[in-house]
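The chain contents come next:
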Amino acid sequence: DAMVIQNPRYQVTQFGKPVTLSCSQTLNHNVMYWYQQKSSQAPKLLFHYYDKDFNNEADTPDNFQSRRPNTSFCFLDIRSPGLGDAAMYLCATSPRQGSYNEQFFGPGTRLTVL
Amino acid sequence: TQLLEQSPQFLSIQEGENLTVYCNSSSVFSSLQWYRQEPGEGPVLLVTVVTGGEVKKLKRLTFQFGDARKDSSLHITAAQPGDTGLYLCAGDPTGNQFYFGTGTSLTVIP
């Protein structure tokens with residue numbers, strides 16, 4: 001089945017130690033998104049790629065970076081995780097940008113910062 | 001200030017009761033989507049409403065898009081424990097930036 005896969009499902013890192021979260025998709029969608037979600041809150045968009053075009057949200061901290069080496073894969077790099085970065089990180093894809101397009105979400109990676 | 005405000009933020013009801021969740025904005029949307037997110041999983045699309053005044057039904061769930069396309073509601077009839085989750089409205093007012101609502105966390109007690 002076509003899907004969005006996130007690895008690992010649970011990630012533990014230490015304060016200040018760089019960490020990379022991975023997302024892959026078999027849907028061949030052009031758009032990929034990274035969201036941060038804290039407990040019982042709505043997902044907050046960090047950035048998205050439309051094909052290779054990178055779009056950073058204005059309030060996304062510089063500590064967060066992203067790479068999309070090809071259509072299928074997208075990575076979230078947190079350069080120096082702080083305690084406030086502990087959250088669920090969701091990857092999503094969409095065939096196109098625009099109002100009518102469903103976003104397909106992966107199961108998320110829960111990040112713990114010690 | 002959030003672009004899409006949902007109310008209530010938290011809702012705990014007994015099995016069999018009815019409930020309504022609201023999603024409001026001061027912006028006009030060409031469409032709005034509703035997602036449900038179960039604990040430990042990503043959100044899953046329930047419905048997309050496109051036309052002002054539109055009503056869509058999905059089994060016990062009824063979705064309505066406001067006439068002015070600035071608001072939407074989700075009504076659940078005879079809630080069941082399986083309806084428990086975080087309900088999110090979402091939309092893209094400009095055509096290139098997607099926003100989620102503030103979310104409504106629903107717990108249905110057996």
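Scroll up to find the structure.
Let me sum up the structure you'll find in this document. (Residues numbered from 1 in each chain as written. Chains lettered and ligands numbered in written order. Predicted model: local features only at pLDDT ≥ 70, side-chain atom pairs only at ≥ 80, totals over all residues. Heavy atoms only, no water.)

This part takes up the state of the cysteines. This structure, assessed with the given rule, holds two disulfides over all chains. Linked covalently through their sulfurs, cysteine 23 of chain A and cysteine 91 of chain A form a disulfide whose S-S length is 1.9 Å. Linking cysteine 23 of chain A and cysteine 91 of chain A, the disulfide has an S-S dihedral of approximately -70 degrees and is accordingly described as left-handed. Within this pair, whereas cysteine 23 of chain A is found in strand E3 (residues 19-25), its partner cysteine 91 of chain A is found in strand E9 (residues 87-94), the two being separated by 68 residues in sequence. Cysteine 91 of chain A shares its class with cysteine 23 of chain A; the two are buried. Between cysteine 23 of chain B and cysteine 89 of chain B runs a disulfide, and the two sulfur atoms are separated by 2.0 Å. Taking the sign of the torsion about the S-S bond as the criterion, the disulfide between cysteine 23 of chain B and cysteine 89 of chain B, at about 75 degrees, is right-handed. Taken together, the positions of cysteine 23 of chain B in strand E3 (residues 19-24) and cysteine 89 of chain B in strand E9 (residues 85-91) put the pair 66 residues apart, joining distant regions of the chain. Considered together, cysteine 23 of chain B and cysteine 89 of chain B belong to a single accessibility category, that of buried residues. (Disulfide = S-S within 2.5 Å. Helix = DSSP H or I, 4+ residues; strand = E, 2+ residues; numbered from the N terminus. Buried < 20%, exposed > 50% of the residue type's maximum accessible area, 1.4 Å probe, protein only.)

The next thing to look at is the sheet that holds strand E8 (residues 71-76) of chain B. All names here are of chain B. Spatial ordering of the open sheet is given by E1-E3-E8-E7-E6, a layout of five strands whose pairing is antiparallel. Of all the strands in the sheet, the pair left with one neighbour each is strand E1 (5-7) and strand E6 (55-58). Between one strand and the next, the sheet's axes are offset by a mean angle of 15 degrees, whatever the strand orientation. Sheet analysis places E6 next to strand E7 (residues 61-65), joined by four bridges and oriented antiparallel. Bridging from a neighbouring strand, valine 55 pairs with glutamine 64 of E7. (Pairing = 2+ DSSP bridges. Axes fitted to C-alpha atoms, helices over the stretch in contact; angles between N-to-C directions.)

The way to describe two aromatic rings as a pair is by their centre distance and the angle between their planes. One pass over the full model with this rule turns up eleven aromatic pairs over all chains. Measuring from centroid to centroid gives 6.1 Å for phenylalanine 64 of chain A and tyrosine 89 of chain A, while their planes differ by 40 degrees, and the two rings are tilted. Pair noted here: phenylalanine 64 of chain A is in strand E7 (residues 64-67) and tyrosine 89 of chain A is in strand E9, with a separation of 25 residues, a long-range link. In this structure an aromatic cluster arises from ring pairing among Tyr33, Tyr35 and Phe105 of chain A together with Tyr35 and Phe100 of chain B. (Phe/Tyr/Trp six-rings, centres within 6.5 Å; stacked < 30°, edge-to-face > 60°.)

We now examine the interface of chain A and chain B. Counting residues at the interface gives 22 residues for chain A, matched by 22 residues for chain B. The contact between chain A and chain B buries some 1700 Å² in all, and 52% of this surface belongs to carbon and sulfur atoms. Scanning the region where chain A abuts chain B turns up zero salt bridges. At the junction of chain A and chain B, the tally comes to three residue pairs in polar contact (both at pLDDT 80 or more). For the side of chain A that touches chain B, the secondary-structure elements that each account for two or more residues are strand E4 (31-37), strand E5 (44-50) and E9 of chain A. Across the side of chain A that touches chain B, the residue classes tally to nine nonpolar, ten polar and three charged. (Contact = heavy atoms within 4.5 Å. Buried area = accessible area lost by both parts, 1.4 Å probe. Salt bridge = Lys/Arg side-chain N within 4 Å of Asp/Glu carboxyl O. Polar contact = N/O pair within 3.5 Å; in protein donor to acceptor, adjacent residues only side chain to side chain. Nonpolar A, V, L, I, M, F, W, Y, C, P; charged D, E, K, R; others polar.)

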